[in-house]
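A look at the structure
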Amino acid sequence: MAIDNTNPTRADRARYIPAALAAGYHVIGYFLESKLQSCLARNAAREGRERVPDIAILGTSKKLEMPAYEEGFDELYFVANDGTEMKISKWRKEDEI
């Protein structure tokens, strides 16, 4: 099973992680690097229903809480985008700051 949603806060993620663990799932999280200015620029290039109000992006950015193993993740990864490719690396404790 995959959950494809923003889930910016621990409370958002807590709706899924304990239930998944209780059901015997192996919980893997991917944090996609999301620099605010890049997100706004990509959104500005969208048209119609694909474009969301900038205020929605700004609001989500303000409440973003970095994930942590203590939430119940079995594995956690950081995904960076350098503009040409996505790079996936294992989560480091210092990423939780």
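Scroll up a little and you will see the structure.
Residue indices begin from 1 for each chain and proceed along its sequence in written order. Selection of residues for local features in this predicted model requires a pLDDT of at least 70, selection of side-chain atom pairs for listing and counting requires 80 or more, and totals for whole chains, interfaces and linings are taken over all residues. As a rule here, side-chain values cover all heavy atoms of the structure and leave hydrogens and water aside.

Turning our attention to the packing of aromatic side chains. Aromatic ring pairs: the centre-centre distance and the angle between the two ring planes describe each pair. Between the rings of Phe, Tyr and Trp (Trp by its six-membered ring), a pair exists once the centres lie within 6.5 Å; its type follows the angle of the planes, with under 30 degrees stacked, over 60 edge-to-face, and the other angles tilted. One pass over the full model with this rule turns up 4 aromatic pairs. Taken together, a centroid distance of 5.2 Å and an interplanar angle of 20° make the contact between Tyr-30 and Tyr-77 stacked. Here Tyr-30 is found in strand S1 (residues 28-32), whereas its partner Tyr-77 is found in strand S2 (residues 75-81), with 47 residues between them in sequence. Only protein chains enter the accessibility calculation, which uses a 1.4 Å probe; a residue is then buried when its area is under 20% of its type maximum, exposed when over 50%, and partly exposed in between. Given the relative accessible area of 47%, Tyr-30 is considered partly exposed. We classify Tyr-77 as buried; its relative accessible area is 14%. Members of the aromatic cluster, each reached through a chain of ring pairs, are Phe-31, Phe-78 and Trp-91. Helix numbers and strand numbers start at the N terminus; a helix is a DSSP run of H or I with at least 4 residues, a strand a run of E with at least 2.

Viewed as axis vectors pointing N to C, helix H3 (residues 36-44) and helix H4 (residues 54-63) meet at an angle of 160°, and their least axial separation amounts to 10 Å. In terms of axis orientation, H3 runs roughly antiparallel to H4. Helix-helix and strand crossings are classified by hand; for H3 and H4 the assignment is right-handed. In this structure, H3 uses Leu-36, Cys-39, Leu-40 and Asn-43 to contact H4, whose residues at the interface are Asp-54, Ile-57, Leu-58 and Ser-61. Orientation is described by lines fitted to C-alpha atoms, with helices fitted over the stretch in contact, and by angles between N-to-C directions that extend from 0 to 180 degrees. Convention used here: angles under 35 degrees read as roughly parallel, angles over 145 as roughly antiparallel, angles from 65 to 115 as roughly perpendicular, and any remaining angle as oblique. Less than a right angle of anticlockwise turn of the near helix away from the far helix marks a crossing as left-handed, whereas a clockwise turn marks it as right-handed. We call two residues in contact whenever any of their non-hydrogen atoms come within 4.5 Å of each other.

Further remarks concern the sheet that holds strand S3 (residues 86-90). Ordered in space as S1-S2-S3, the 3 strands form an open sheet in which the pairing is mixed. Here the strands that pair on one side only, and so sit at the sheet edges, are S1 and S3. Each strand axis lies, on average, 25° off the axis of its neighbour in the sheet, ignoring direction. When DSSP finds at least two bridges between two strands, those strands are taken to pair. The sheet contact formed by S1 and S2 spans 5 bridges and is parallel. By the bridge assignment for S2, Tyr-30 is matched with Tyr-77.

For H3, the complete set of buried residues consists of Cys-39, Leu-40 and Asn-43. Angular distribution of buried residues about the axis of H3 spans 95°; they occupy a single face of the element. To be clear, the arc concerns the directions from the helix axis to the C-beta atoms.

We call a set of buried residues a nonpolar core when its members are Ala, Val, Leu, Ile, Met, Phe, Trp, Tyr or Cys and they connect through side-chain atoms within 4.5 Å of each other. Core analysis: the biggest nonpolar cluster contains 8 residues, these being Ile-17, Ala-20, Val-27, Phe-31, Phe-73, Leu-76, Phe-78 and Trp-91. Contributions of two or more residues to this core are made by helix H2 (17-22) and S2. Residues within four places of Leu-76 in sequence aside, it is in contact with Gly-29, Pro-67, Ala-68, Tyr-69, Lys-90 and Trp-91.

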